[in-house]
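Survey of secondary and tertiary structure
Here is how the chains run, residue by residue.
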Amino acid sequence: MTRTTAPLPTPAAPAAAEGVSPLTPPDTLTRLTLLLLAALTIMSGATISPALPAMTVHFADHPNAALLVKLSLTIVGLAIAVSAPVGGLLVDRFGRRPVLLVSLLLYALGGASGLVAPSLDALLAGRVVLGLAVAGTMTAGGALVNDYFAGAARGRFLSQQASFTSFGGAVLLPLGGLLAGVGWRAPFGLYLVSLLLLPLVLRLPRGIPGPAQIDGPEDRPRWGTIGVIYVLALAYMAVFYLMPAQGPFLLKFLGASPASTGLLLGAFTLTAALTALGYSRFSGRFDHRRVAALGLLLLAAGWGVVAAGSSVAGVLPGLIVAGMGGGLALPNLNAWLAELTPRAWRGRIVAGMSSAIFLGQFLSPLLLAAPSDHPAQGFVWGALAIGGIGAALLALSMRGGSGLPTHSA
């Protein structure tokens, strides 16, 4: 596929109504809209993470409560993984804005349902609705980024987006911890913030795709490399999500309060934010495979330190190192994928990435489960798994031209 760097039509032009990218970079308010939409993804699970131990106590009489409470965090990922491909088709068929508007309403409905859910089963149903909403916002928002940016500018914005999302987590996780100290239901009220984004989305161009485009051979997706990126994203998220899903239990085991847990999780995401922001200055200058490998190896090292920590203070260095790995790995994988994506396939390929990321999130507590008396065990297995994948990817990148392509031809 030939990389497109030429200017594209503005939103006011007829082509913009057909989902074609604008001539000039988007204005500040549009950039802010894209950043806020991305921030909703981390809110979907991590906001209630500090409340998980209290939820387990509240629903102690429910069969398998300990596992189901953890799944209340990650079942959102399963719903996204299953529904994102449909969302991608809708985004490419009907446009970005209609999908976003419906998704924001569902986000508030499903997310805030935990405020009143009378049972654990009802709470899980609301989390599934939230997952459907996140699939729509993530797919449509990702397609818009690919519409508005190209080349190095796209890589820089994706890194800035990852940084902004992590900054949001650094605020929301401590806030969720404070609210969890009031009551386990309180953090669910934060999901109503999605309603504030409706006016911003309404000002976006409708973006309905034009007639079906007949791609030439050079415009076909590189499915082999795209598949590898999907697998890397799934593995990364399964290991990265150890901290939101199982970290609160480990920190409670070490004596941390809900508020302290929120602060530590916030430090973790803040480190990822600063790393992603720093990497945005250099995006496009390095081999995507090597940057991804470095991120995965840092994540492995961080979880190794966390697993070995014998106190709350002892796990903090591991959180910082793992956060650095996250700040490198995911924005780099997204930028690598975007460079391989033809315009007509943007919604569907972004949807595939969403499915991979959130399937990894859902599988995290299942693949890397830890007994209550040894809550660090999952971090040990996660470090070994992602360290092996990172080392293999680094070795592959050293093979020069015989490795995976890092960008479109």
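That block above? That's the structure.
Now for a quick tour of the structure. Quick caveat, the model's predicted, so the values are computed rather than measured.

**Topic: the overall build of the protein chain**
Per the secondary structure count, the protein chain includes 14 helices and 0 strands. The secondary structure elements of the protein chain, listed N-terminal to C-terminal, are α-α-α-α-α-α-α-α-α-α-α-α-α-α. The 409 residues of the protein chain split such that 57% are buried. The contacts in the protein chain between residues at least 6 apart in sequence include a share of 87% that link residues at least 24 apart. For the protein chain, the accessible area works out to roughly 15,600 Å², and carbon and sulfur atoms hold 71% of it.

**Considerations on the packing of aromatic side chains**
Applying the stated rule across the entire model yields 9 aromatic pairs. The interplanar angle of 45° and the centroid separation of 6.4 Å between the aromatic rings of Phe-188 and Tyr-191 together place this pair among those described as tilted. Accessibility expressed as a relative area gives 0% for Tyr-191, which makes it buried. Here Trp-303 and Phe-379 contribute two aromatic rings whose centre-to-centre distance is 5.1 Å and whose plane-to-plane angle is 85°, an arrangement assigned as edge-to-face. Taken as a pair, Trp-303 in helix α11 (residues 288–308) and Phe-379 in helix α14 (residues 377–397) lie far apart in primary sequence, 76 residues in all. The exposure classification of Trp-303 matches that of Phe-379, with both residues buried. An aromatic cluster of three or more residues is present, and its members are Phe-59, Tyr-107, Trp-184, Phe-188 and Tyr-191.

**Things to note about the pattern of salt bridges**
Summed over all chains, the structure comprises 3 salt bridges. Close ionic contact of Arg-203 with Asp-27 constitutes a salt bridge, the shortest N to O distance being 3.1 Å. Within this pair, whereas Arg-203 is found in the loop between α7 (198–202) and α8 (223–240), its partner Asp-27 is found in the segment before α1 (28–46), the two being separated by 176 residues in sequence. The shortest N-O distance in the salt bridge between Arg-96 and Asp-147 comes to 2.8 Å. Here the residue Arg-96 occupies a position in helix α4 (residues 96–112), and Asp-147 occupies one in helix α5 (residues 120–148), the gap between them amounting to 51 residues. The class of Arg-96 is buried, set by a relative accessible area of 5%.

**Looking at α8**
Its 18 residues place the ends of α8 25 Å apart at the C-alpha level, agreeing with the 26 Å of an ideal helix rising 1.5 Å per residue. Those residues of α8 that fall on the buried side of the exposure criterion are Thr-225, Ile-226, Ile-229, Tyr-230, Leu-232, Ala-233, Ala-235, Tyr-236, Met-237, Ala-238, Val-239 and Phe-240. Residues of α8 that are buried make contact with α9 (242–253), α10 (258–280), α11, α12 (312–339), α13 (346–367) and α14.

**Re α5**
Since the α-helix turns once every 3.6 residues, residues separated by three or four places project in the same direction. Here α5 is 29 residues long and its end C-alpha atoms lie 42 Å apart, about the 42 Å a rise of 1.5 Å per residue gives. Counted residue by residue, α5 has 23 buried out of 29 residues, so it is predominantly covered.

**Some points on the environment of Ala-238**
Inspection of the secondary structure assignment puts Ala-238 in helix α8. A sequence separation of 125 residues divides Ala-238 from Leu-363, and the C-alpha atoms of the two residues are 6.2 Å apart. If near-sequence neighbours (up to four positions away) are discounted, Ala-238 is found in contact with Gly-360, Ser-364 and Leu-368.

**Notes on unusual backbone geometry**
A positive phi angle is found at Asn-64, which is not glycine, with a value near 60°. Mapped onto the secondary structure, Asn-64 falls in the loop between α2 (52–58) and α3 (65–94). According to the relative accessible area criterion, Asn-64 is exposed, its value standing at 60%.

**Structural notes on the environment of Val-239**
For Val-239, the position within the fold is in helix α8. For Val-239, a relative accessible area of 4% translates into the label buried. In this structure the C-alpha to C-alpha distance between Val-239 and Ala-383, which are 144 residues apart in sequence, comes to 7.6 Å. If we skip the residues at most four places from it in the chain, Val-239 touches Leu-299, Trp-303, Leu-368, Gly-382 and Ile-386.

**Description of the packing of α5 against α13**
α13 packs onto α5 with a crossing angle of 130° between their chain directions and a minimal axis gap of 9 Å. With respect to each other, α5 and α13 are oriented oblique. Seen from above, α5 lies across α13 with right-handed handedness. Residue-level inspection shows Val-134, Met-138, Thr-139, Gly-142, Ala-143, Asn-146 and Asp-147 of α5 in contact with α13, the latter providing Arg-346, Gly-347, Val-350, Ala-351, Ser-354, Ile-357 and Phe-358.

**A look at the packing of α8 against α12**
A pair of packed helices is captured by two measures, namely the crossing angle of their axes and the spacing between those axes. One can describe the packing of α8 onto α12 by two numbers: an axis separation of 10 Å at closest approach and a directional angle of 160°. The pairing of α8 with α12 is recorded here as roughly antiparallel in orientation. Considering only the axes of α8 and α12, their crossing is left-handed. Of the residues in α12, those in contact with Thr-225, Ile-226, Ile-229, Tyr-230, Leu-232, Ala-233, Tyr-236 and Phe-240 of α8 are Gly-326, Ala-329, Leu-330, Leu-333, Trp-336 and Leu-337. Considering only residue class, the contact of α8 with α12 consists of 12 nonpolar, 2 polar and no charged.

**A short note on the side chain of Arg-127**
Take Arg-127: it is sitting in helix α5. For the buried Arg-127, no salt bridge is present, and the opposite-charge side chain at shortest range is Asp-121, 13 Å distant. There is a polar contact of 2.7 Å between the side chain of Arg-127 and the backbone oxygen of Ser-72. Ignoring anything within four residues of it in the chain, the contact list for Arg-127 reads Ser-44, Gly-45, Ile-48, Ser-72, Leu-73, Ile-75, Val-76, Gly-110, Phe-188 and Tyr-191.

Reading the values: the criteria
- Residues numbered from 1 in each chain as written.
- Predicted model: local features only at pLDDT ≥ 70, side-chain atom pairs only at ≥ 80, totals over all residues.
- Heavy atoms only, no water.
- Helix = DSSP H or I, 4+ residues; strand = E, 2+ residues; numbered from the N terminus.
- Buried < 20%, exposed > 50% of the residue type's maximum accessible area, 1.4 Å probe, protein only.
- Contact = heavy atoms within 4.5 Å.
- Areas by Shrake-Rupley, 256 points an atom, 1.4 Å probe, with all protein chains shown as cover.
- Phe/Tyr/Trp six-rings, centres within 6.5 Å; stacked < 30°, edge-to-face > 60°.
- Salt bridge = Lys/Arg side-chain N within 4 Å of Asp/Glu carboxyl O.
- Expected span 1.5 Å × (residues − 1).
- Axes fitted to C-alpha atoms, helices over the stretch in contact; angles between N-to-C directions.
- Parallel < 35°, antiparallel > 145°, perpendicular 65-115°, else oblique.
- Left-handed = near helix turned anticlockwise from the far one by under 90°.
- Nonpolar A, V, L, I, M, F, W, Y, C, P; charged D, E, K, R; others polar.
- Lys, Arg positive; Asp, Glu negative; His and termini not counted.
- Polar contact = N/O pair within 3.5 Å; in protein donor to acceptor, adjacent residues only side chain to side chain.

Scope: geometric values only; no functional claims are made or implied.
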